[in-house]
Amino acid sequence: CVAGTDGYFKLLNSTWTKTLGWTEFDLKSRPFIEFVHPEDRKMTQEAAGQLERGAALTDFVNRYLCKDGNYKYLAWVATFIKEKQLLFATARDVTQQKLTQEAHETSERDLSRFLKFVPTGIFRTNPIGECVYVNDCWQEMAGLDQKSAMGAGWHHAIHPNDREMV
């Protein structure tokens, strides 16, 4: 898309209408900020201001209103063409990635809350063997506080004869 410093779209490709469901006339006849989720408007206006001051915008994400009332997450790459006073931008629909990420984060929080109270010592490591989670029971059994157990610290709680097996 191309937008003017007046806050209106000047040029849109057909992907906009396919992605958001609005007609080109709908999108061009209202300030683009009206399509931005209310919670994202301030940061969107700040990003546009940064562009006008010469900063490049890469991987900025906000939510845009679709005609059906839902919002889509768009990841932006944009630049300001000072001579023409125009913002040139490309946006990519990253809704599925964002929703998947949010669901994963919620799942992780729920699992951590659950494991905190399980009466079994549980710790979790990343693929290179660094501890990324310990529950209270494991901390008590190992005699380590959470900070000491994180990273490679958990190795100290395992008997030296058992470390290779673990």
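All figures in this text were calculated on a predicted structure; none of them were measured in a lab. (Residues numbered from 1 in each chain as written. Predicted model: local features only at pLDDT ≥ 70, side-chain atom pairs only at ≥ 80, totals over all residues. Heavy atoms only, no water.)

Focus on unusual backbone geometry
Quick reminder of the rule: Only runs of H or I of at least four residues qualify as helices and only runs of E of at least two qualify as strands under DSSP, and these elements are numbered from the N terminus.
A positive phi angle, near 55 degrees, is found at Asp 59, a position not held by glycine. Within the fold, Asp 59 resides in strand E3 (residues 57–65). Residue Gln 85 is not a glycine yet carries a positive backbone phi of 55 degrees. Mapped onto the fold, Gln 85 is located in the loop between strand E4 (71–81) and strand E5 (86–93).

With respect to the side chain of His 37
Short version of the rule: Pairs of N or O atoms within 3.5 Å make up the polar contacts considered here, provided that, within protein, one atom can donate a hydrogen while the other can accept it, and that residues adjacent in sequence are counted only when both atoms are side-chain atoms. Here a residue-residue contact requires only that any non-hydrogen atoms of the pair lie within 4.5 Å.
By secondary structure assignment, the location of His 37 is in the loop between helix H2 (24–29) and helix H3 (41–52). At 3.0 Å, the side chain of His 37 forms a polar contact with the backbone nitrogen of Glu 39. Once you skip the residues sitting within four places of it in the chain, His 37 turns out to touch Arg 63 and Tyr 71.

So, the pairing of E5
What counts is decided by this rule: In this scheme, strands are said to pair when DSSP sees at least two bridges between them.
As paired strands, strand E1 (residues 2–4) and E5 are joined by three bridges and run antiparallel to one another. Across the sheet, Gly 4 pairs through a bridge with Leu 86, a residue of E5. In terms of strand pairing, E4 meets E5 through eight bridges, oriented antiparallel. Across the sheet, the residue bridging to Ala 78 is Ala 89, located in E5. Once E4 ends, the chain turns through four residues before running back antiparallel as E5, passing Gln 85 with a positive phi of about 55 degrees.

Focus on the nonpolar core
Inclusion rule: For this analysis, a nonpolar core means a set of buried residues of the types Ala, Val, Leu, Ile, Met, Phe, Trp, Tyr and Cys, connected via side-chain atoms within 4.5 Å. Using a 1.4 Å probe on the protein chains alone, a residue whose accessible area is under 20% of its type maximum counts as buried, one over 50% counts as exposed, and one in between counts as partly exposed.
Core analysis: the largest hydrophobic core is formed by 26 residues, its most contacted members being Phe 9, Trp 16, Leu 27, Tyr 64 and Trp 76. Those elements that place two or more of their residues in this core are helix H1 (14–20), H3, E3, E4 and E5. Those residues in contact with Phe 9 that sit more than four places away from it in its chain are Cys 1, Val 2, Ala 3, Trp 16, Leu 27, Lys 28, Phe 32 and Tyr 64.

With respect to the packing of aromatic side chains
As a reminder, the rule being used: Only rings of Phe, Tyr and Trp enter the pairing, Trp through its six-membered ring, and a pair is recorded when the two centres are within 6.5 Å. The plane angle decides the type: under 30 degrees is stacked, over 60 is edge-to-face, the rest tilted. Criterion for a charge above a ring: Lys NZ or Arg CZ within 6 Å of the ring centre, and within 35 degrees of the ring normal.
As enumerated under the stated definition, the model contains six aromatic pairs in all. Ring geometry for Trp 16 and Trp 76: centres 5.6 Å apart, planes at 40 degrees, overall tilted. Here Trp 16, found in helix H1, pairs with Trp 76, found in strand E4; they are 60 residues apart in sequence, far enough to count as distant. Residues Trp 16 and Trp 76 agree in their burial class; the two are buried. Arranged with centres 5.4 Å apart and planes meeting at 75 degrees, the rings of Trp 22 and Phe 35 form a pair that is edge-to-face. Here the residue Trp 22 occupies a position in the loop between H1 and H2, and Phe 35 occupies one in the loop between H2 and H3, the gap between them amounting to 13 residues. For the pair Trp 22 and Phe 35, one class covers both residues: buried. Taken together, the ring pairs connect Phe 9, Trp 16, Phe 32, Tyr 64 and Trp 76 into an aromatic cluster. Between the NZ or CZ atom of Arg 30 and the centre of the ring of Trp 22, over which it lies, the distance is 5.3 Å. One Lys or Arg, Arg 30, reaches over the ring of Phe 35 and ends 4.4 Å from the middle of that ring.

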